[in-house]
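Commentary on secondary and tertiary structure
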Amino acid sequence: MTIRHAVRGWLARHRQGAGAVAIGLSGGADSLALTAATVAEAGAVDALVVDHRLQPGSAEVAATAAETALELGCRSARVLPVVVDGVGGMEAAARRARYAALDSARGGLPVLLGHTLDDQAETVLLGLGRGSGARSIQGMAPYSPPWGRPLLEVRRATTRQCCTDLGLIPHEDPHNWSPDFTRVRLRTEALPLLEDILGGSAAVALARTAQLLREDNAALDAVAEDLLGSASREAVRAESAPGCHPVDYVALSCETLVTAPAAVRRRTVRTWLLAGGAKAVTAKHLQAVDELVVAWRGQGPVAVGGGDPGTRLVVRREHGRLTLALAERQDRDRRETS
């Protein structure tokens with residue numbers, strides 16, 4: 001009943017009733033328990049089973065999961081074979097392929113995922129290890145359209161017990177226990193040690209921290225949005241050095257930005273950069289751009305992730321404003337990225 005209550009609550013908050021949803025079904029205990037509960041609570045459920053094709057017999061595992069979904073009462077069940085290119089590491093590549101397949105097959109429906117409180121705790125620990133700030137350790141949101149996570153307050157042990165009670169046999173993915181993956185080592189080594197030290201409360205405390213940080217981040221983002229409006233000027237074509245092609249985007253007033261607390265100012269700049277085409281804005285990028293505002297010494301432009309093989313996206317301080325422009329890469333830059 002715990003899992004059904006969690007799904008019922010999620011549907012009430014985010015779907016205004018028991019409408020149709022899709023489910024990302026792996027065949028593991030978490031997604032199987034989620035599927036069984038959602039069939040009982042939602043109007044219709046479409047199961048989407050991603051076959052990563054990384055292990056022998058993966059097609060049979062996927063087919064069995066789809067068959068189980070239909071037996072549980074899903075309206076439909078589809079197997080989605082994907083190609084995992086391995087770029088950026090196998091774990092990240094599989095995740096990209098999985099989410100892309102689910103997104104293309106969902107038919108406009110939200111996709112429920114079986115992430116549990118234990119997964120949330122692991123995510124927070126990963127974020128802490130990266131040291132990239134509150135946004136990184138706020139964990140996964142219950143609903144970040146189109147992805148829904150009804151089980152973020154449910155323990156993994158509960159989903160396993162649910163499968164046992166229903167007579168379901170989950171697939172045990174060997175990758176989930178391979179020490180080659182950082183998340184697995186957190187799951188099997190770090191978290192059990194923390195649970196032992198803190199008396200079994202570590203995962204719950206980490207998940208609660210994520211929830212509180214999401215609330216704090218939402219409040220700070222709202223303040224940053226107001227600052228962005230105040231610091232923005234009408235869209236300009238930056239008057240850049242020869243070889244630069246201006247981006248048709250608003251500039252930011254440094255005089256306005258400098259009056260704000262650093263946390264709000266950097267959030268504002270991050271939003272501005274992403275809206276202007278920057279990719280993967282890092283803490284290093286934000287620090288360098290912030291110095292253009294608060295520690296101006298006539299320094300040159302700051303390159304941020306963006307552009308194409310022939311150009312790069314740069315931030316300049318000009319006449320008391322931050323501007324964003326596409327600058328031609330030097331030959332050395334081109335050699336480094338080729």
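Please read all numbers here as calculations on a predicted model, not as lab measurements.

1. Digging into the domain arrangement of the protein
By domain assignment, the protein separates into domain 1 (1-199) and domain 2 (230-328). Computed from C-alpha coordinates alone, the two centres of domain 1 and domain 2 are separated by 38 Å.

2. With respect to the UniProt feature "binding site: ATP" (unreviewed entry) in the protein
This chain's UniProt record puts "binding site: ATP" (unreviewed entry) on Ser 26, Gly 27, Gly 28, Ala 29, Asp 30 and Ser 31. If we skip the residues at most four places from it in the chain, Ser 26 touches Ser 31 and Ala 65. Polar contacts involving the side chain of Ser 26 include one to the main-chain amide nitrogen of Gly 28, which spans 3.1 Å. Excluding residues that lie within four positions of it along the chain, Ala 29 makes contacts with Thr 159, Arg 160, Cys 163 and Pro 170.

3. What about a nonpolar patch on the surface?
Nonpolar side chains collect at one region of the surface, where Leu 193, Ile 197 and Leu 198 lie side by side and expose about 310 Å² of accessible area between them. Within the element layout of this structure, Ile 197 appears in helix α7 (residues 182-197). Judged by its relative accessible area of 58%, Ile 197 is exposed.

4. Brief notes about unusual backbone geometry
In this structure, Pro 146 follows Pro 145 across a cis peptide bond, with omega equal to 10°. Locating Pro 146 in the fold gives a position in the loop between β5 (143-144) and β6 (147-148). A positive phi angle, near 55°, is found at Arg 53, a position not held by glycine. Of note in the backbone geometry, His 319 takes a positive phi value of approximately 55° without being a glycine. You can see His 319 is positioned in the loop between β10 (311-318) and β11 (321-328).

Rules of the game
Residues numbered from 1 in each chain as written. Predicted model: local features only at pLDDT ≥ 70, side-chain atom pairs only at ≥ 80, totals over all residues. Heavy atoms only, no water. Domains from an automatic or database assignment. UniProt positions renumbered as here; feature names shortened; annotations may be inferred. Contact = heavy atoms within 4.5 Å. Polar contact = N/O pair within 3.5 Å; in protein donor to acceptor, adjacent residues only side chain to side chain. Patch = residues over 30% accessible without salt bridge, like charges linked within 9 Å, V, L, I, M, F, W, Y side chains within 5 Å. Areas by Shrake-Rupley, 256 points an atom, 1.4 Å probe, with all protein chains shown as cover. Salt bridge = Lys/Arg side-chain N within 4 Å of Asp/Glu carboxyl O. Helix = DSSP H or I, 4+ residues; strand = E, 2+ residues; numbered from the N terminus. Buried < 20%, exposed > 50% of the residue type's maximum accessible area, 1.4 Å probe, protein only.

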